[in-house]
Amino acid sequence: MAIKKLFLWILLINPGISFAEVPEFTIEIRDHLFFPSTLSVPAYRKIKLIIINQDSTPEEVESYELNREKVIMGGSRAIIFIGPLDPGEYPFFGEFNPKTAQGIIRAQE
Amino acid sequence: MVDAILLILREVLEAALIITMLLVMSRKLSLTFSWAVPALILSVLFSWILAHYTYAITEAWGGTGQEWANTLLYLLVIFSFIAIAWIISPVLFTTTAKTEYLSSPKNRITRHKKLLFINLVSAVSLSLAREASEILIYLEGFLHQPHALKSALIGSFIGLGVGVSLGAITYYLFIFASTRLSLRIMFILLVFLCGGLSTQIARQLMQIGVLNSTTPLWNTSRIINEHSWLGELLYALFGYDSSPNSAQIIFYLIAVIPLLIILTASWRLSRK
């Protein structure tokens, strides 16, 4: 019961559900490459990233800087929320093809 | 091949640490390793289910299924660790010798042997399942590229071999240590693992927008980068995050506090 209350309390002080419009951006994976490889997004705002894997093989999109990690199967799409980010560059990569699948999220004011 | 070695090693490291830790604990408490067989069988089954149904899981609940499934797995492992910690905690401070304690009718370990068995199986099988499913998904990507498959498989076996070897070395290091010391270190590792898994839950909830990502409270990436081997090792040991935010810290504490209560209660009980 106490844990349940604590969880609700966390949700209340840190709600992810916001009535403000969340800008959406799309990144595609083709031939183990990200398109665009550099994506500019507004700083200090929550962002909805839609990642479409056009390859037939799976990919795991990972970023230490953004603190995100998600497996995206071949021919499918995934949604990842990031931010609000301070202005700067945040690299991400495909863990299954790290040599080619490299990208950067550029947060700017 | 190097990519495969690194990827598999990264996945295997945490699982190897958990299995090693629980094997040492069983050995030190004179328990059999009988839990290891069902744990391994179930981990193969669970990882196959997770890998085979990844499309369906990912698409579930508006595309948030993967994160909710991970959250459930992490939660179950945390509960198992807390149960294991509660059962073994009296041995950490028992004033009598371990064998004397275990032969006493009031000892918690013998009384809750079945519960300990269930939680050992659950902790290992669920921890392994998630890591192994990622390996299966990774290798599945090479099925249509026979030339690359061979290289990926060799790399995977090397990565697995290195991970298992590190686990074996750690096992023997602890086996030669005294029972009380190794059990105390095991308990501390359990605390850190629970905290680390809990921050993973926060990360999953932030990823699907249930929790907001706030500005990191600190950034230690210049001291220990998560890309580095030390960063990877600390991630496996403590769930190291170079730039955690407030939600992750709160989640860390929620998981760690029950274990600290168990520890304090056992210490106070031993002094009576």
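Being a predicted model, the structure only gives us computed values, none of them experimental.

What counts, and at which threshold
- Throughout, residues of each chain are indexed from 1 in the direction in which the sequence is written.
- Following the order in which they are written, the chains are lettered starting with A and the ligands numbered starting with 1.
- Only residues with pLDDT of at least 70 are given local features in this predicted model, and only at 80 or more are side-chain atom pairs given and counted; all residues enter the totals for whole chains, interfaces and linings.
- To get the side-chain values, take all heavy atoms of the structure and skip hydrogens and water.
- A helix here means a DSSP run of H or I that spans at least four residues, while a strand means a run of E at least two residues long, and both kinds are numbered starting from the N terminus.
- Exposed residues in this analysis have more than 50% of their type's maximum accessible area, buried residues have under 20%, and partly exposed residues fall in between, with area computed by a 1.4 Å probe over protein chains only.
- The contact rule is simple, with two residues in contact once any of their heavy atoms fall within 4.5 Å.
- Each accessible area is a Shrake-Rupley result for a 1.4 Å probe, and residues are judged covered by the shown protein chains and nothing else.
- Charge assignment in this entry is limited to Lys and Arg as positive and Asp and Glu as negative, and neither His nor the chain termini are counted.
- Positions of charges follow a simple convention, taking NZ of Lys, CZ of Arg, CG of Asp or CD of Glu.
- Given the number of residues in a helix, its expected span is that number minus one, multiplied by 1.5 Å.
- For a residue, the bend is simply the angle between two axes, fitted respectively to the seven-residue segment ending there and the seven-residue segment starting there.
- Salt bridges are defined as contacts in which a side-chain nitrogen from Lys or Arg sits within 4 Å of a carboxyl oxygen from Asp or Glu.
- Between N or O atoms, a polar contact is any pair within 3.5 Å; within protein, one atom must be a potential hydrogen donor and the other a potential acceptor, and residues adjacent in sequence are included only when both atoms are from side chains.
- Gly is placed with the polar residues, together with every amino acid not listed as nonpolar (Ala, Val, Leu, Ile, Met, Phe, Trp, Tyr, Cys and Pro) or charged (Asp, Glu, Lys and Arg).
- One requirement defines pairing of two strands: DSSP has to find at least two bridges between them.
- Structural elements are reduced to axes, namely lines fitted to C-alpha atoms, with helices fitted over the stretch in contact, and the angle between N-to-C directions of any two is expressed from 0 to 180 degrees.

Another point: the overall build of chain B. Looking only at helices and strands, chain B has eleven helices and zero strands in total. Start at the N end of chain B and walk to the C end: the helices and strands fall as α-α-α-α-α-α-α-α-α-α-α. Dimensions of chain B along its principal axes, counting C-alpha atoms only, are 60 × 40 × 40 Å. By the burial criterion, 52% of the 272 residues in chain B qualify as buried. Across chain B, contacts joining residues at least 24 apart in sequence account for 79% of those joining residues at least 6 apart. Carbon and sulfur atoms form 72% of the exposed surface of chain B, whose accessible area is close to 12900 Å². Averaged over its 18 positive side-chain charges, chain B has a centre that lies 22 Å from the centre of its 12 negative ones.

Residue and element names in this part refer to chain B. By secondary structure assignment, the location of Phe192 is in helix α9 (residues 179-207). Residue classification places Phe192 among the partly exposed positions, given a relative accessible area of 30%. The spacing of Phe192 and Phe238 is 46 residues in sequence and 4.8 Å in space, taken between C-alpha atoms.

Residue and element names in this part refer to chain B. Across its 29 residues, helix α4 (residues 65-93) extends 43 Å between first and last C-alpha, which sits within 8% of the 42 Å expected from 1.5 Å per residue. Ile87 marks the point of greatest bend in α4, at about 40°, and the proline Pro90 comes within the next four residues. Burial analysis of α4 places 22 of its 29 residues in the buried class, which makes it a mostly covered element.

A few words on the interface of chain A and chain B. Between chain A and chain B, the residue contacts involve 34 residues of the former and 41 residues of the latter. If you look at where chain A meets chain B, you find three salt bridges. One salt bridge in this structure joins Glu69 of chain A and Arg203 of chain B, with 2.7 Å as the shortest N-O distance. At the boundary of chain A and chain B, one finds 15 residue pairs in polar contact (both at pLDDT 80 or more). Taken together, the residues that form the side of chain A that touches chain B break down as 17 nonpolar, seven polar and ten charged.

Along the polypeptide, Gly163 of chain B turns up in helix α8 (residues 146-175). As a C-alpha pair, Gly163 of chain B and Glu11 of chain B span 152 residues in sequence and 8.9 Å in three-dimensional space.

Residue and element names in this part refer to chain A. Spatially, the five strands line up as an open sheet ordered β3-β9-β8-β5-β6, and their pairing is mixed. With partners counted over all chains shown, the strands left at the sheet margins are β3 (38-42) and β6 (68-72), one partner each. Each strand axis lies, on average, 20° off the axis of its neighbour in the sheet, ignoring direction. Here strand β5 (residues 59-63) pairs with strand β8 (residues 88-94) via two bridges, running antiparallel. What sits directly across from Val61, in β8, is Gly94.

A few words on unusual backbone geometry. The general pattern is negative phi for most residues beyond glycine and trans for most peptide bonds. Residues and elements named next belong to chain A. Residue Pro36 is bonded to the preceding Phe35 through a cis peptide linkage, with omega at -5°. The residue Pro36 is located in the loop between β2 (33-35) and β3 in this model. Of the consecutive residues Gly83 and Pro84, the connecting peptide bond is found in the cis state with omega at 5°. Along the chain, Pro84 falls in the loop between β7 (77-82) and β8. The backbone of Tyr44 sits at a positive phi, close to 60°, despite the residue not being glycine.

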